[in-house]
Amino acid sequence: MSLAEVQARFRGMDLHRIDPEHEVGRLREFLSESDPRDYLIEDIDDWIQEGRLWTGVEGGSWVAFGRLHDLGRGEGWVSGLRVQNSKRGQGFGGKFLTGLLSDARSIGLTELRAVIEDENLASRRLFARLGFRPMFEMTLRCAKAGSIGAESLRPALAGEGLHGPIGWLPSRTERVDLLPGTDGGRFGRWDPHILDRWIKEGKLFLGHELAAAVQVDWLREPRTMWVNPLQGNPGSLIPAIASLAKTLGQEEWQAYLPSTEDLRRVYANLGLSPYPFWGDRIHLYERTEARPASR
Ligand SMILES: CC(C)(COP(=O)(O)OP(=O)(O)OC[C@H]1O[C@@H](n2cnc3c(N)ncnc32)[C@H](O)[C@@H]1OP(=O)(O)O)[C@@H](O)C(=O)NCCC(=O)NCCS
């Protein structure tokens, strides 16, 4: 495509930072018009509490939406990307994501991540075109609360930390990874600040060589908690989480889990189902940029 064609394709879309206090109604309208069954519509009040929300505006209308999380230490998370239904496939997604990348750069984010379903070819192509690479495959699983005879998890105490090894992720990344959840996903070494915050908020639970961070009432019907499995053998940690969910008054729980053939067998044996609508294969994409030289 020539430069003139690219410019013509992208002409007329500006990025606008959404004011969560005053523009949530308009955002809900945008999401409903794009897809009335979009799960974000129900979650939007919680969603707007975190991250930098952007919309792409063309001729006064909102045509695109997305969220950028600053996770600290140069790491960021891109989520919720949407282009209005009638505008898809015309380059708006690319223009909009390019805008989010500029925003990320302007606040010093050099490592960005996103999760994308295997079947979402448009999104995968878009992210790949803008330099994101698939890192590993995950699955979003859900299960009923309550199991018998599981080892119990207890709330972590102030000052308690976590030490490897982490049994949950493919060793290819060679890093301790917290999978995306309420904090939008954080990678790298254990971050004591996050752990302290989770402890203060009552989200971190520990057992013997087991650890999980949870967000109760992540969904309300059925009452569902979101889990970041942090440490432990799946055969022990999963029943312990199910039992914790019951203790915390939840009906179900869900988590992103690594997806290898062996682990998928373990999940099936433990009664974990793939999350409806999401497919069983989700890719974690990552994009890194050289950090600007410090002066
Ligand atoms: C994903 C989405 C944001 C992309 O926005 P868009 O404006 O259509 O994106 P663009 O037109 O800039 O580019 C889309 C790319 O996918 C390709 N594409 C579009 N439909 C496709 C399809 N059905 N199969 C394969 N590729 C497809 C386009 O050709 C383009 O490829 P290219 O980059 O190689 O040229 C938009 O489709 C959308 O809102 N989807 C629903 C919500 C969603 O899935 N969000 C992403 C969550 S991770």
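**Let's talk about the confidence of the model for the chain**
The predicted coordinates of low-pLDDT regions are not to be read in fine detail.
Phase 1: Per-residue pLDDT for the chain averages 84, and the proportion of residues at 70 or more is 85%.
Phase 2: Here residues 170-177 is a poorly scored stretch, pLDDT under 50, and it has 13 contacts once near neighbours within four places are set aside; other chains count.
Phase 3: Overall, residues 180-185 carries pLDDT values under 50, and its contacts beyond four positions in sequence, including any with other chains, amount to 20 contacts.

**Points about the site of the ligand**
Phase 1: Taken together, 18 residues lie around the ligand, and Arg88, Gly93, Gly94, Leu121 and Ala122 are the ones closest in.
Phase 2: Breaking the shell around the ligand down by element, the ones donating at least two residues are β4 (75-83), α4 (92-106) and α5 (121-129).
Phase 3: Broken down by element, the residue count for the shell around the ligand peaks at six residues, all from α5.
Phase 4: Of the residues belonging to the shell around the ligand, the class tally is seven nonpolar, seven polar and four charged.

**Points about the pairing of strand β2 (residues 52-58)**
Phase 1: Where strand β1 (residues 13-17) and β2 come together, five bridges link them in antiparallel fashion. Its bridge partner lying in β2, Asp14 is registered against Val57.
Phase 2: In terms of strand pairing, β2 meets strand β3 (residues 61-72) through seven bridges, oriented antiparallel. Following the sheet pairing, Thr55 is matched in β3 by Phe65.
Phase 3: Counted along the chain from β2 to the antiparallel partner β3, the turn is two residues long, and its residue Gly59 has a positive phi close to 50°.

**Overview of the environment of Ser123**
Phase 1: In this structure, Ser123 sits in helix α5.
Phase 2: On the neighbour-count criterion, Ser123 (20 C-beta atoms within 10 Å) is buried.
Phase 3: In contact with Ser123, not counting residues within four places along its chain, are Leu81 and Ile116.

**As for the environment of Glu252**
Phase 1: With respect to the element layout, Glu252 can be found in strand β13 (residues 252-258).
Phase 2: On a C-alpha basis, the gap between Glu252 and Lys144 in space is 4.3 Å, while along the polypeptide they are 108 residues apart.
Phase 3: In contact with Glu252, other than residues within four places in its own chain, are Cys142, Ala143, Lys144, Ala145, Pro222 and Thr224.

Calculation rules
Counting of residues starts from 1 at the beginning of each chain's written sequence and follows it residue by residue. This being a predicted model, a pLDDT of at least 70 is required before a residue's local features are given, and a value of 80 or more before pairs of side-chain atoms are given or counted; all residues contribute to the totals for chains, interfaces and linings. The pLDDT score gives, residue by residue, the confidence of the prediction method on a 0 to 100 scale. By the convention adopted here, residues make contact when the C-beta atoms placed from their backbones lie within 7 Å. Using a C-beta atom placed from the backbone, a residue is scored as near a molecule or strand whenever that atom is within 6 Å of it. In this description a helix means any DSSP run of H or I spanning at least four residues, a strand means any run of E spanning at least two, and both kinds are numbered starting from the N terminus. For this scheme, ten residues count as nonpolar: Ala, Val, Leu, Ile, Met, Phe, Trp, Tyr, Cys and Pro. Four count as charged, namely Asp, Glu, Lys and Arg, and the remainder, Gly too, count as polar. Following DSSP output, two strands are said to pair if at least two bridges run between them. Put simply, a residue is buried when 20 or more other C-beta atoms lie within 10 Å of its own C-beta and exposed when 12 or fewer do; between those, it is partly exposed, and each C-beta is set from the backbone.

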